[in-house]
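What the coordinates show
The residues making up each chain are set out below.
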Amino acid sequence: MTARRIATQAIPGQQAGTSGLRRKTRDFMAPHFLENYVQATLNGIGGAAGKRLVVGGDGRYFNPEAIQVILRMAAANGVAEVIVGRDGLLSTPAASHLIRLNKTDGGFILSASHNPGGIDADFGIKFNMANGGPASQTLADAIYDETQTIADYGMFDAHDIALHETGTRQLGDMTITVVDPVADYAALMAELFDFNAIAKLFAGGFGMCFDAMHAVTGPYAHKILEDMLGAPKGTVINGIPLPDFGKGHPDPNPIWAHELMGIMTGPDAPDFGAASDGDGDRNMIVGRGAYVTPSDSLALIAAHAHLAPGYAQGLSGVARSMPTSTAVDRVAAAKGMACFETPTGWKFFGTLLDAGKANLCGEESAGTGSDHVREKDGLWAVLMWLNIIAVSGKSVSALMQDHWQNYGRNYYSRHDYEAIDINVANRLVSDLKAKLDSLPGQSFAGLDVTEASDFSYRDPVDHSFVEGQGIQIKFAGDARVVLRLSGTGTEGATLRVYLEQLETDAARLNQTPEDALAAVKQAADEIAEITARTGRDAPDVKT
Ligand code: VG1
Ligand code: CO
């Protein structure tokens, strides 16, 4: 067994998007593609000698092979120890927790999250830093620079390492510690939430369905919901991780989690439904016949988090990504909490969490989390809801009705136009940017524009600055449209259009989102010429 340096050439375009490097699986399987990126990352963090890392992934196609490559490269680069989940599995939040718990120098997470898996689908890799959070923009830039100058990478010649059992192995001088992927994470959840109250709820006949979508949260949900909290067997569906996620999109929203939505709107619907995504960092919350938008879920949690033992002191502050609805801002204002607005992507919450400025964060894309790790956390959000339901004694729909009565309702919807021509998408955005200054004062679909801007952000902690983070158009009457291009897709461009309308009239809190948002949607189309330019008369996905 020896370490070698293998000559390679820079591969253009290995630039991380919103959440790591995400590409077609076959791209990752091509010669040197994965190896170049891993070596560039190890170079980008200032070399790997003597460091300790966590490695794991969401179990999708090519996960086992990629992990073996990373282990051999880590050994060749002088890494002292790698902690890896059994069978190479770790959810994103569990990996974040292991990095923090074991005080490692960071870790690799193999996932393309909610994107489908398989040889003809998507794969991804992201590096998380010593705080457990996604690589900062500065580190991501440094890694990209390394990908453009790389000339060789280290590789240890060795057979595959067996990862089916926990325990330690040796690869040259490097120790590989294979751990139960669930145990430490489950213990953390038991510290944060009132497991006795939740167990009593289940013992009293409270019905739940958790859809793991054939992805990584299956083992976590089985252990926590069924084994520890006593929910009946069968509460977790699609609970075995499959390399192709059962050919589905492991994306927890009403479109892709249609099996769960069918159950929750059917005649024998349980009290509570939830789902998580490919790598376990997103969540969907649904009551009997009552879907909760992620933005509303964030606001409700902000209002009730003190009911969970880990948050009994109250929250230090809240943060949301810019496109996320302002529902949480209203809770923060009422409770006198600080509220931060960041660009899309969890990496922008890290400094706020580290500094204690915020300890609840969320995104409209079904990501919610706190300072317990440095990632969004699907099961955490589900357990938070269960805790709130158990202690308040209220159903999901009663909680939401009360919330809207107290704070008003931010009607909200995201419309995704997928796989559109990149040139068309770029033109749409650049033409829109060019006319932003002329929009205030104009009126579209009966709505008066008050502000139009391209979102930029100066981090209040480390003062780093990013721009071009999405176009925001505000209207009189608390309505808003946001437009941005996705940074996680692997085909063409995806245009995301986010629509929001606040309603505080108590008599108008139960409209359909389509009705409440009709004018905002029309204004968005008139301003950005979406239909005319893309030729699409409807979005591919509405959430
Ligand atoms: C999307 C979401 C964003 C999220 C990101 C990663 O990014 O909009 O809110 O942070 O995915 O989540 P984009 O650039 O495609 O809009 V995950 O669960 O895919 O790691
Ligand atoms: Co995810």
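Summary of the structure given here. Only a predicted model underlies this, so the values are computations on that prediction, with no experimental measurement involved. (Residues numbered from 1 in each chain as written. Chains lettered and ligands numbered in written order. Predicted model: local features only at pLDDT ≥ 70, side-chain atom pairs only at ≥ 80, totals over all residues. Heavy atoms only, no water.)

Considerations on the overall build of the protein
Using the following cut-off: To qualify as a helix, a DSSP run of H or I must reach at least 4 residues; to qualify as a strand, a run of E must reach at least 2; elements of each kind are numbered from the N terminus. To get the radius of gyration, use the C-alpha atoms; to get the globule rule, take the number of residues to the power 0.38 and multiply by 2.2 Å. Under the scheme applied here, a residue whose accessible area is under 20% of the maximum for its type counts as buried, over 50% as exposed, and between as partly exposed, the area being computed with a 1.4 Å probe on protein chains only.
If you tally the helices and strands in the protein, you get 18 helices and 27 strands. A compact globule built from 543 residues should have a C-alpha radius of gyration of about 24 Å, and the protein, at 23 Å, falls within 12% of that. The principal-axis extent of the C-alpha atoms belonging to the protein is close to 75 × 60 × 40 Å. Relative to its 543 residues, the protein shows a buried fraction of 58%.

Brief notes about the site of ligand 1
Defined as follows: Here a residue is near a molecule or strand as soon as one of its heavy atoms is found within 4 Å of it. We define a polar contact as two N or O atoms separated by no more than 3.5 Å, with the added condition that, inside protein, one atom must be a possible hydrogen donor and the other a possible acceptor, whereas residues neighbouring each other in sequence contribute only through side-chain atom pairs. Definitions used throughout: a 1 Å grid over protein atoms alone; a cavity as a set of points that fits a 1.4 Å probe which cannot get out; a pocket as an open set with protein on both sides within 12 Å along at least five of seven lines; a lining residue as one with an atom within 4 Å of a point. To decide whether a molecule occupies a pocket or cavity, check its atoms: if more than half lie within 2 Å of the grid points, it is inside. Throughout this entry, Asp, Glu, Lys and Arg are counted as charged residues, while Ala, Val, Leu, Ile, Met, Phe, Trp, Tyr, Cys and Pro are counted as nonpolar. The remaining residues, Gly among them, count as polar.
Around ligand 1 lies a shell of 20 residues, among which T18, S113, S365, T488 and R496 are the nearest. Within the contact set of ligand 1, an oxygen atom lies 2.8 Å away from a side-chain nitrogen or oxygen of K376. Here an oxygen atom of ligand 1 sits 2.6 Å away from a polar atom, N or O, in the side chain of S486. Put simply, ligand 1 lies in the largest cavity. A per-class count over the shell around ligand 1 returns no nonpolar, ten polar and ten charged.

So, the pattern of salt bridges
The condition is simple: One speaks of a salt bridge when a side-chain nitrogen belonging to Lys or Arg is within 4 Å of a carboxyl oxygen belonging to Asp or Glu.
Overall, the coordinates contain 33 salt bridges when judged by the stated rule. Here R282 and D251 are joined by a salt bridge, their closest N and O atoms 3.5 Å apart. In this pair, R282 sits in the loop between β12 (272-276) and β13 (283-287) while D251 sits in the loop between β11 (236-237) and α9 (258-265), placing the two residues 31 residues apart along the sequence. Comparing R282 with D251 shows no difference in burial state: the two are buried. With a shortest N-O distance of 2.9 Å, R536 and D540 are connected by a salt bridge. The partly exposed category is assigned to D540, whose relative accessible area is 43%. One salt-bridge network, held together by shared partners, links R320, D329, E341, R480 and E500.

Observations regarding helix α8 (residues 217-228)
Regarding α8, the residues found buried are T217, G218, Y220, A221, I224, L225 and E226. Looking one or two places after α8, you find G230, whose phi comes out positive at around 80°.

Regarding the coordination of the cobalt ion (ligand 2)
Short version of the rule: Sodium, potassium and calcium take a 3.2 Å donor cutoff, other metals 2.8 Å, and in both cases only N, O and S atoms count; water is not among them, so sites may look incomplete.
Here the cobalt ion (ligand 2) is held by S113 (OG), D277 (OD), D279 (OD) and D281 (OD), and the distances to it run 2.0 to 2.1 Å. Mapping the donors of the cobalt ion (ligand 2) onto the primary sequence yields the spacing S-x163-D-x1-D-x1-D. One end of the pair, S113, is in the loop between β5 (107-110) and β6 (122-128); the other, D277, is in the loop between β12 and β13, and 164 residues separate them in sequence. Neither residue differs from the other here; S113 and D277 are each classed as buried.

Topic: the layout of surface pockets
Heads up, the condition is: Grid points are joined across faces, edges and corners, and a volume is the space filled by probe spheres set on the points. Where a domain begins and ends is set by an automatic assignment or by a domain database.
In this structure, the largest pocket occupies an estimated 880 Å³ of space. Where the lining of the largest pocket is concerned, the elements lending two or more residues are β2 (21-24), α5 (137-149), α15 (422-435), β25 (479-485) and β26 (493-503). When its residues are assigned to classes, the lining of the largest pocket shows eleven nonpolar, 17 polar and eight charged. Taken as a whole, the second largest pocket encloses approximately 560 Å³ of empty space. Where the lining of the second largest pocket is concerned, the elements lending two or more residues are β14 (290-292), α14 (396-407), β19 (409-420), α16 (513-516) and α17 (518-528). Here the lining of the second largest pocket takes six residues from β19, the largest share from any one element. When its residues are assigned to classes, the lining of the second largest pocket shows 13 nonpolar, ten polar and five charged. When residues of the lining of the second largest pocket are assigned to domains, at least three fall in each of domain 2 (185-407) and domain 3 (409-542).

Remarks on the sheet that holds strand β15 (residues 317-321)
Within a beta sheet, neighbouring strands are joined by backbone hydrogen bonds and run either parallel or antiparallel to one another. Defined as follows: Any two strands are treated as partners once DSSP identifies two or more bridges connecting them. Orientation is described by lines fitted to C-alpha atoms, with helices fitted over the stretch in contact, and by angles between N-to-C directions that extend from 0 to 180 degrees. Contacts: residue pairs with any heavy atoms within 4.5 Å of one another.
With respect to topology, four strands assemble into an open sheet ordered β16-β15-β17-β18, the strand pairing being mixed. Of all the strands in the sheet, the pair left with one neighbour each is β16 (338-342) and β18 (367-370). Across the sheet, the axes of successive neighbouring strands diverge by a mean angle of 15°, strand direction being ignored. Where β15 and β16 come together, five bridges link them in parallel fashion. Looking across to β16, one finds that V318 is bridged to C339. Across the sheet, helix α10 (residues 294-304) is in contact with β15, β17 (360-363) and β18; its angle to β17 comes to roughly 170°. Strand contacts of helix α11 (residues 327-335): β15 and β16, with the helix running at about 165° to β15, the strand carrying the most contacts.

Details of the packing of helix α2 (residues 33-44) against helix α3 (residues 63-76)
To keep things clear, this is the line we draw: With respect to orientation, any angle under 35 degrees is reported as roughly parallel, any angle over 145 as roughly antiparallel, any angle of 65 to 115 as roughly perpendicular, and every other angle as oblique. With the far helix as reference, a near helix turned anticlockwise by less than a right angle produces a left-handed crossing, and one turned clockwise produces a right-handed crossing.
Remark: α2 packs on α3, axes separated minimally by 10 Å, with the N-to-C direction vectors making an angle of 45°. By the criterion of interaxial angle, the relationship of α2 to α3 is oblique. In the crossing of α2 with α3, the sense of the turn from one axis to the other is right-handed. Contacts between α2 and α3 involve L34, E35, V38 and Q39 on the former and, on the latter, A66, V69, I70 and M73. Of the residues that constitute the contact of α2 with α3, the class distribution is six nonpolar, one polar and one charged.

Keep in mind these numbers describe shape, not what the thing actually does.
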